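# Chains, contacts and geometry: an overview
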Amino acid sequence: MTGARVELLPVAPEGTTPVGVMTVAGSDSGGGAGIQADLRTFALLGLHGCVAVTAVTVQNSLGVSGFQEIEPDTVAAQIRCVADDIGIGAVKTGMLASAPIIDAVAAQCRASGIGRDAAVPLVVDPVCASMHGNQLLADSALDTLRDNLFPLATVVSPNLDEVRLITGIDVVDAATQRDAAKALHDLGPSWALVKGGHLRSSDESPDLLYDGSEFVELTHERIDTPHDHGAGDTLAAAITCALAHGYTVPDAVAFAKAWVTRGLAAAYPLGAGHGPVNPLWRVGDCG
Ligand SMILES: Nc1ncnc2c1ncn2[C@@H]1O[C@H](COP(=O)(O)OP(=O)(O)O)[C@@H](O)[C@H]1O
Ligand SMILES: Cc1ncc(COP(=O)(O)OP(=O)(O)O)c(N)n1
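Rules of the game
- Residues numbered from 1 in each chain as written.
- Chains lettered and ligands numbered in written order.
- Predicted model: local features only at pLDDT ≥ 70, side-chain atom pairs only at ≥ 80, totals over all residues.
- Heavy atoms only, no water.
- Helix = DSSP H or I, 4+ residues; strand = E, 2+ residues; numbered from the N terminus.
- Rg over C-alpha atoms; globule rule 2.2 N^0.38 Å.
- Buried < 20%, exposed > 50% of the residue type's maximum accessible area, 1.4 Å probe, protein only.
- Contact = heavy atoms within 4.5 Å.
- Areas by Shrake-Rupley, 256 points an atom, 1.4 Å probe, with all protein chains shown as cover.
- Lys, Arg positive; Asp, Glu negative; His and termini not counted.
- Charge placed at Lys NZ, Arg CZ, Asp CG, Glu CD.
- Pairing = 2+ DSSP bridges.
- Core = buried A, V, L, I, M, F, W, Y, C linked by side-chain atoms within 4.5 Å.
- Near = heavy atom within 4 Å.
- Polar contact = N/O pair within 3.5 Å; in protein donor to acceptor, adjacent residues only side chain to side chain.
- Nonpolar A, V, L, I, M, F, W, Y, C, P; charged D, E, K, R; others polar.
- Phe/Tyr/Trp six-rings, centres within 6.5 Å; stacked < 30°, edge-to-face > 60°.
- Lys NZ or Arg CZ within 6 Å of the ring centre and 35° of its normal.
- 1 Å grid on protein atoms, 1.4 Å probe; cavity = no way out; pocket = protein on both sides within 12 Å on 5 of 7 lines; lining within 4 Å.
- Points joined across faces, edges and corners; volume = space filled by probe spheres on them.
- UniProt positions renumbered as here; feature names shortened; annotations may be inferred.
- Sits in = over half its atoms within 2 Å of the grid points.

In terms of helices and strands, the chain carries nine helices and nine strands. The globule rule puts the C-alpha radius of gyration for 287 residues at 19 Å, and the 17 Å found for the chain is close to it. Overall size of the chain, expressed as C-alpha extent along the three principal axes, is 50 × 45 × 40 Å. Sorting the 287 residues of the chain into buried and exposed places 54% on the buried side. Long-range contacts, defined as pairs at least 24 residues apart, comprise 68% of the intrachain contacts of the chain with a sequence gap of at least 6. Surface exposure of the chain reaches about 11600 Å², of which carbon and sulfur atoms provide 52%. Of the side chains in the chain, 16 bear a positive and 33 a negative charge, and the two mean positions are spaced by 3 Å.

Laid out in structure tokens, this is it:
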């Protein structure tokens, strides 16, 4: 399957330093989601990707069979040492696993000038579970996520399962998607993005962005594929790249939506389960 042409981000000339971005997320041993998906998108969009590992998952195309968390101080130290030396244009969070890790990340973001009211935009993708339903965030961490991290975010990007856990709203149509965007925005981020990938009732995959006054509807045709592992990570990683290049949030999300749709059109089977969204089409495009 081939996809539509996608607008790309500026690439630094050889030998010059690309714009830097950071992901604060878990490792996926199967390479489909988490840090591995983020770094693929960062690299293929021409950015320098830095990493703060929060957890190491034992995962393949069939699901997550376990994970080991990283010490909260070590997570914060990774952010600090990168921010102090390399500098970053935007930061994304993914799997944060526990309340102590969220607290450490939020405190370090405040200290390093990362967040909605600071110089460096923060994209919070509130990963709660894998696509197979394996839990990736402790239940006890939901309050911490809502109270300590959401108010720091430039944009939050939950899927519909995460919306239900965070706001209690069951999104089933455009009206409830708006209700959810308002409830998420009330938690403090500059923008709330309610992803509609799990709304399977139409030929489209409608996402809704809201900043407290303006709703922006972003929709693309639904790609008919079971290989959508890492779609949320890929979208949030591309938003992060575009923000680092100075895009506004609506423009960054529109760019990222086109990027993830193209990756879904190029998705490939892997193992016995769900294959990943595939930004590797870019490699062929370059050749
Ligand atoms: N089959 C699909 N076709 C087109 N876009 C999709 C499809 N599935 C998901 N998306 C898009 O991919 C992004 C991630 O979507 P979603 O599946 O809702 O989140 P998550 O991967 O976090 O569960 C969103 O922009 C969504 O609209
Ligand atoms: C380490 C890690 N981070 C995030 C995820 C979530 O990805 P996925 O299972 O594809 O679910 P979506 O959020 O994309 O629906 C993961 N599995 N592992």
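Attention shifts here to the pairing of strand β8 (residues 204–210). With five of seven residues buried, β8 is to be regarded as a mostly interior element. Strand direction decides the pairing type here: strand β7 (residues 191–194) and β8, joined by three bridges, are antiparallel. Bridge pairing in β8 links V194 to L208. Note: β8 against strand β9 (residues 215–221), seven bridges, orientation antiparallel. Note that in β9 the partner of E204 across the bridge is E221.

Counting 49 residues, the largest nonpolar core has M22, V24 and L149 as its most contacted members. By residue number, the principal contributor to this core is helix α3 (residues 99–111), which donates six residues. Counting 37 residues, the second-largest nonpolar core is a separate cluster that includes L44, A242, A252 and A265.

Around ligand 1, the structure places 15 residues, and the nearest of them are H198, S205, D207, I223 and K257. With respect to ligand 1, the backbone of I223 contributes an N or O atom lying 2.8 Å from a nitrogen atom. At a separation of 2.8 Å, an oxygen atom of ligand 1 approaches a polar backbone atom of G232. Compared with its free state, where it exposes 540 Å², ligand 1 has 92% of that area covered by protein. Mapped by element, the contributors of at least two residues to the shell around ligand 1 are β8, α7 (231–244) and α8 (249–265). The class makeup of the residues in the shell around ligand 1 is five nonpolar, five polar and five charged.

Here we take up the packing of aromatic side chains. Scanning the model with the defined rule gives three aromatic pairs in all. Aromatic side chains Y210 and F215 sit 4.2 Å apart centroid to centroid with 20° between the ring planes, which places their arrangement in the stacked category. Residue class for Y210 comes out buried when judged on its relative accessible area of 9%. Between Y247 and F255, the ring centres sit 6.1 Å apart and the planes meet at 65°, which makes this aromatic pair edge-to-face. Looking at R178, its charged tip hangs above the ring of F215, at a distance of 4.2 Å from the centre.

Of the voids in this model, the largest pocket is the one considered here, and its volume is about 1000 Å³. Residue lining of the largest pocket: 45 residues in total, with N159, H198, D228, A231 and G232 positioned closest to the centre. Mapped onto the lining of the largest pocket, the elements with two or more residues apiece are β1 (20–28), β2 (48–60), α5 (160–167), β8, β9, α7 and α8. The residue makeup of the lining of the largest pocket, split by class, is 14 nonpolar, 18 polar and 13 charged.

What follows concerns empty space enclosed by the protein. The full count for this structure, using the stated rule, is one cavity of 30 Å³ or more. Here the largest cavity defines a volume of roughly 40 Å³. Surrounding the largest cavity, T93, G94, L96, V124, D125, P126, V127, L137, L145 and L149 form its lining. Of the residues that constitute the lining of the largest cavity, the class distribution is seven nonpolar, two polar and one charged.

Taking the numbering used here, the UniProt-annotated feature "domain: Pyridoxamine kinase/Phosphomethylpyrimidine kinase" (unreviewed entry) corresponds to residues 28–278. As annotated, residues 28–278 comprises 39% helix and 19% strand, and the C-alpha atoms at either end are separated by 15 Å.

Moving on, we come to the site of ligand 2. Lining the immediate surroundings of ligand 2 are 16 residues, of which G26, Q59, M131, H229 and G230 lie closest. M131 is positioned such that a nitrogen or oxygen atom in its backbone is 2.9 Å from an oxygen atom of ligand 2. Starting from 420 Å² of accessible surface for ligand 2 in isolation, the protein chains cover 95%. Given that more than half its atoms are within 2 Å of the pocket grid, ligand 2 belongs to the largest pocket. Ranked by the residues each element gives to the shell around ligand 2, the list is headed by α7, at three residues. Grouping the amino acids of the shell around ligand 2 by side-chain chemistry returns six nonpolar, nine polar and one charged.

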